[in-house]
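Architecture and fold: a report
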Amino acid sequence: MSEESKGVRRFHLSDDARTYFEKIGVQRNTGKSKSGMFTAYVEPYFLCMMMGIIKDKRRDPDPMSKDMVSTWKSNAKQYEKEISGVVFYKYCLSKGISKEDDRVLKLMENFFTIDRAEVYENEAFAMMNKFAQGGFDYIRDSLGPNDQLADFLIWYLKELEDTSVEG
Amino acid sequence: MTQNNIFIRKITWENVRNFESLELPSGSGKFSNSTSLAQIQNGYGKTTTLYLLRSVFSNMPIDKNFIKSGYRYRFPHKKWGGDQNSPSKFYVEFEVNDEFCRIGLEIDHINMKQKFTTFRESLGGEIDGWQPPNIFRRLFEGKDDFVKLFVMDGELAKELNSSTGSAAVNAAIKQVTNLAGLHLLVGSELTNGQIHRVKQEQLSSIIGDGEERGVRLQSALSKVEELKQEQRMRLQQAKDHVSRVSAEIIECNIRKNKLDKKISQTNKELEKAKTRLERSSTDLEKTATSILERLFQPAFSYPEWQEVQEFHASQVKAKLPRSVGRTWFKEVLELETCICGRSWDEHSKEYVGEHLEDFLDTRLMTYVKEMQDSVAEHSNSQSYGSELERLKQKQIERVLNSQSVDDIRSQASDEDRKAYSELDQKIGTLTTELTQWEHLRDVIGSEKLEFIKEWGLHQFVYNTDTTVTNNIAKIKEIENLKGLEIVESDIARKIAEIGGAAEIAKGAELVQNVISEMLTRVEKEINIELEGKMNSSISRMVGAGQDGGLVVKITDQGLQYYNPNGDLQSGVNMAAELGGSYAFISALYQYAEVSIPLVLDTPLAGFGDGASADWTKLVPPTFNQVIALINSSEMRALKGWFEKGNADVYLIRRADEVIPLGKPQTGKMIVDSNVDNFVTYERDVLKGDEE
């Protein structure tokens, strides 16, 4: 069994990341933001994961003492298929596949569950959770302490813009 | 009253011990409805035959420990027609209420298997299995103790009069009267019956060790109720605090508004500036929220979205899952027109039929197909610059409007500015406090599963195996009322189960007691009836009844004899004992309303040769058919009787034997019906013994 096939089948947002985003406000932890807040922890998780993917930052996640969901919820729910499209694409790239290849069928079986109540297999969660941790590290190091959603979004958009220009 | 009749007409051995192949009686002969004596030299297979007969009667296979060698043909050569490696076969031909029936038992020593066979016209010939007529099945199936009484060795007849034989007596009564099943239910003691066993197996896991589990659960339930009460109080307190703090915040804001009004009297711009600030704050929040929502759309937030689309476009996107796709294609081919609207022609149908597999894939999951379609549908919509500008603009507007309000307020008196500052600080402190109280309120009162999961509120509700905890130490850690209700409901269910199980257990004990008492009464009645039938037989017999006037009773010490004065006779003569035993068997026959052959192995063994005269007076007249397997010593004792034509006689011996010697034991085993040979068999051996 590979390292990635171990682990739990759920999203993993470390305690440090939770605390960081609670300063803006998540769910009922209203934080200090005067420009809105996150409606669920899966939202900052997604933004961290995408930042990790974009910046290619990943590492084993730090501890998490609270539980997390295992499917995309809240604002991320309606884009579940497209998000899967990105993470699976990234997964294939990590296996050295970037175009039509019969091996993709095998990778699909490793990545997606056949149980329609769930979406991802352990390997998928392992990859996403590593990117989420890498992305959070990058956010905290680059943006620093922050309690305003608008400031966070401005920084985030700027990062996307820079990456887009660099690309 | 219907009397059922069962007779044995023939016994056949094939490769059984000393018997290569033997029919008794031989050829077309049959056992008569009277007494048959079959003289067989000791060691030739009388006891083996007895066991096989018992199996054939009772449908109980022979002990598997004896399959390998116990019944196997003895001689390692085939000189006389036997084969050591062939299965041993034993057949008994019956006449059951005039119907012919043959039951066989075949023992395969090599493969360690055995099987019964049955021949009946109504079955269409011979079949595997034990399938005698119903009356036979009802009387004998599984009733080995009863069968032992009429397929009996001489020793047992003697034992019936002793305490060692009492078990056989009582077991036979239970089987003949069909009460054995009820005895199995209640057992001989309170703890070894099936009712007790089922009660233990099915209910003990629920009831637990005595009442201990119920007490533990009751204690846990009380604790849960106590904790629920505490948490309800805490919830109410949290709600009260939320109301109080909210009211205080409102009060602070009212006071700020009052200060604003005071300033507005001198500076009319303040109200306008506050309205602008409020509007710009709302705008900023809306803009931030809409941008946040867009970020979850990968076509917007992932700069390399086009590569993702190209990647998925290059994969097997045109294929359908094979599990559903093949059926779909076939259905389309059966339509009059294709889904494109054109009529099918043979060529098109043939082409699709031949190539449909190209569009199917076994491993392609439905989800992946949906994902690929979704990726293809969402084209790149990256406009970071414009969104950045929009958000920055709204942020600047809000900052400017906020500064504008602050500037106007800063024109207030020192006293009012100080009041503003204090109110702002207080609102900040109260807001933090409000958040804490609201959180506590939700921790205790929330039923929203996502919130409960996010905050791990039910981590102490469940054990690691996902069962609900009943552990008080863990229960104490639960704050969420919904969690406590789950635990409460689980414990209440378990207590109800125990209550239900306890009621069932009490019911089972009651059933056990009722059956037990009923058995005692019924068996007492049956014993009286059997004793009546026995004593009716004995009164016609010599020795016990006619001569001694004794009365026999069925007791725990076996059959016991009483004189006319009702005194127990501890030492009765042999004739009395013999009479008692056979009268008991006869009584059982009468009770079962059946006439069954009595098969005896060395019948005088238990009583000694001296009992022969009594035996001939007692046994043959009492039973319709008697088949006795005797040795030459018993033959001699019965000689005067059977020579008068009172019995059919058969000598089973080896062909080469010299009759008076019973030797040499060579040649094929045969049935010799010559009476002279029967009388003189082993004469010289017996003479030698006497000398």
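Quick word on the overall build of chain A
Looking only at helices and strands, chain A has six helices and zero strands in total. Each helix and strand of chain A, ordered N terminal to C terminal, gives the series α-α-α-α-α-α. By the burial criterion, 56% of the 167 residues in chain A qualify as buried. A sequence separation of at least 24 residues applies to 71% of the contacts in chain A between residues at least 6 apart.

Observations concerning the nonpolar core
If you look at soluble globular proteins, the nonpolar side chains tend to sit buried side by side. Judged by nonpolar contacts, the single largest core of 105 residues is most densely connected at B:Y582 and B:W615. When residues in this core are grouped by element, the largest group, ten residues, is from helix α20 (residues 574–592) of chain B. Contacts of B:W615, omitting those with residues within four sequence positions, involve B:L578, B:Y582, B:L600, B:P603, B:L604, B:P620, B:V626, B:A628, B:L638 and B:W641. With 83 residues, the next largest nonpolar core counts A:M51, A:V87, A:V104 and A:I139 among its residues.

Looking at the pairing of strand β5 (residues 99–108) of chain B
All names here are of chain B. Taken together, the nine bridges between strand β4 (residues 88–96) and β5 define a ladder with antiparallel strand orientation. Note that in β5 the partner of E93 across the bridge is R102. Connecting β4 to the next strand, β5, in antiparallel fashion are two residues, including N97 with a positive phi near 45 degrees. Here seven bridges tie β5 to strand β6 (residues 113–120), and the two strands are oriented antiparallel to one another. Bridged to R102 within β6 is F119.

As for the environment of B:N134
All names here are of chain B. Here N134 shows up in helix α2 (residues 134–140). Taking the relative accessible area as the measure of exposure, N134 reaches 63% and is therefore exposed. For the pair formed by N134 and V96, sequence separation is 38 residues and the distance between their alpha carbons is 9.8 Å.

A look at helix α1 (residues 46–58) of chain B
All names here are of chain B. The end-to-end C-alpha separation of α1 is 19 Å, in line with the 18 Å expected for 13 residues at 1.5 Å each. Where burial is concerned, most of α1 is hidden: eleven out of the 13 residues are buried. Considered for burial, the residues of α1 that qualify are K46, T48, T49, L50, L52, L53, R54, S55, V56, F57 and S58. Looking one or two residues past α1, N59 carries a phi angle of roughly 60 degrees, positive in sign.

Here's the deal with the sheet that holds strand β12 (residues 558–562) of chain B
Residues and elements named next belong to chain B. Taken together, the three strands give an open sheet; going across it, the order is β11-β12-β13, and neighbouring strands pair in antiparallel fashion. Each edge of the open sheet is held by one strand with a lone partner, namely β11 (551–555) and β13 (568–569). Note that β11 and β12 share five bridges and pair antiparallel. Within the sheet, the bridge partner assigned to I554 lies in β12 and is L559. Here helix α19 (residues 481–538) sits on the sheet and contacts β11 and β12; the angle it forms with β11, its principal contact strand, is near 150 degrees.

Reading guide: rules and limits
Residues numbered from 1 in each chain as written. Chains lettered and ligands numbered in written order. Predicted model: local features only at pLDDT ≥ 70, side-chain atom pairs only at ≥ 80, totals over all residues. Heavy atoms only, no water. Helix = DSSP H or I, 4+ residues; strand = E, 2+ residues; numbered from the N terminus. Buried < 20%, exposed > 50% of the residue type's maximum accessible area, 1.4 Å probe, protein only. Contact = heavy atoms within 4.5 Å. Core = buried A, V, L, I, M, F, W, Y, C linked by side-chain atoms within 4.5 Å. Pairing = 2+ DSSP bridges. Expected span 1.5 Å × (residues − 1). Axes fitted to C-alpha atoms, helices over the stretch in contact; angles between N-to-C directions.

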